[in-house]
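Residue-level structural notes
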Amino acid sequence: MTYLEIDQAIVEITREKCAECRARLDAIPKENATERKAVQLEYGMYTFCGNAGLLHQGNREAPLKTRQRFLGNKLQKYPKLNDVYQNLDEEEKLCFIAALQAEIFLRDQWLGEQYAELAAAETSGDTEKIFELKIKIGSVETMFAAWEAWRVENNVYPKMF
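Note that the coordinates shown come from a computational prediction; the quantities given were computed from them, not determined experimentally.

Counted under the stated rule, the structure contains six aromatic pairs. Taking the centre distance of 5.8 Å and the plane angle of 20 degrees together, the rings of Phe70 and Phe105 count as stacked. Here Phe70, found in helix H3 (residues 61-71), pairs with Phe105, found in helix H5 (residues 90-124); they are 35 residues apart in sequence, far enough to count as distant. The buried category is assigned to Phe105, whose relative accessible area is 17%. Where Tyr78 meets Phe161, the ring centres are 6.2 Å apart and the plane angle is 85 degrees; that geometry is what we call edge-to-face. With Tyr78 in the loop between H3 and helix H4 (79-86) and Phe161 in the segment after helix H6 (127-154), this pair connects stretches of sequence that are 83 residues apart. On the accessibility criterion, Phe161 (38% relative accessible area) is partly exposed.

Here is a general trend for soluble globular proteins: nonpolar side chains tend to be buried in one another's company. Residues Ile6, Leu81, Phe96, Leu100, Ile104, Trp147 and Tyr157 are the most contacted members of the largest nonpolar core, which totals 50 residues. Per-element tally for this core: the top contributor is H5, with 15 residues. In contact with Ile104, other than residues within four places in its own chain, are Leu71, Lys74, Leu75, Tyr78, Leu81, Phe96 and Phe161.

At a minimum axis distance of 8 Å, the contact between helix H1 (residues 3-27) and H5 shows a crossing angle of 0 degrees. Judged by the inter-axis angle, H1 sits roughly parallel to H5. Residues Tyr3, Ile6, Asp7 and Ile10 of H1 form the contact with H5, whose participating residues are Glu91, Leu94, Cys95, Ala98 and Ala99. Here the contact of H1 with H5 is built from residues that sort into seven nonpolar, no polar and two charged.

Moving on, we get to unusual backbone geometry. Of note, the phi angle at Asn155 is positive, near 50 degrees, even though the residue is not glycine. Assignment of secondary structure puts Asn155 in the segment after H6. Note on Asn155: relative accessible area 61%, which makes it exposed. The phi dihedral of Lys159 is positive, around 55 degrees, even though this residue is not glycine. Along the polypeptide, Lys159 turns up in the segment after H6. Lys159 sits in the exposed class, given a relative accessible area of 57%.

Calculation criteria
- Residues numbered from 1 in each chain as written.
- Predicted model: local features only at pLDDT ≥ 70, side-chain atom pairs only at ≥ 80, totals over all residues.
- Heavy atoms only, no water.
- Phe/Tyr/Trp six-rings, centres within 6.5 Å; stacked < 30°, edge-to-face > 60°.
- Helix = DSSP H or I, 4+ residues; strand = E, 2+ residues; numbered from the N terminus.
- Buried < 20%, exposed > 50% of the residue type's maximum accessible area, 1.4 Å probe, protein only.
- Core = buried A, V, L, I, M, F, W, Y, C linked by side-chain atoms within 4.5 Å.
- Contact = heavy atoms within 4.5 Å.
- Axes fitted to C-alpha atoms, helices over the stretch in contact; angles between N-to-C directions.
- Parallel < 35°, antiparallel > 145°, perpendicular 65-115°, else oblique.
- Nonpolar A, V, L, I, M, F, W, Y, C, P; charged D, E, K, R; others polar.

Right under this line is the structure:
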């Protein structure tokens, strides 16, 4: 499987999650404000995974090269991933990036901070913030699970986290 095929599969999973969520949102009556807000937050996070994590653009080669630069020192925080990556040839490094970089980036740049915000909200008893953060975190973790399921099914860097 080429790095572009891997990337396309990950992008497609992300698009499917967005489409499924959009369909659920469209089916919720306008009067159900809380339910709509929850699904809107979820949809926003799936979109975020595509835009921030995958750098979703038309031509996929350019974003993959950019994502390779983003990987840089982030791998140092993940010794297992770093060991694997450092022992790959250049072509296989692109496959690794296509399969894992979005998740590495989102874990490194976003998820940890969100967990900290959730802990602070729980300490302060801010129920609105807790509601939002649990949906946001849960949505991104759902996307991670979908990506991981594909990696396991296709034996493309499975069980790396």
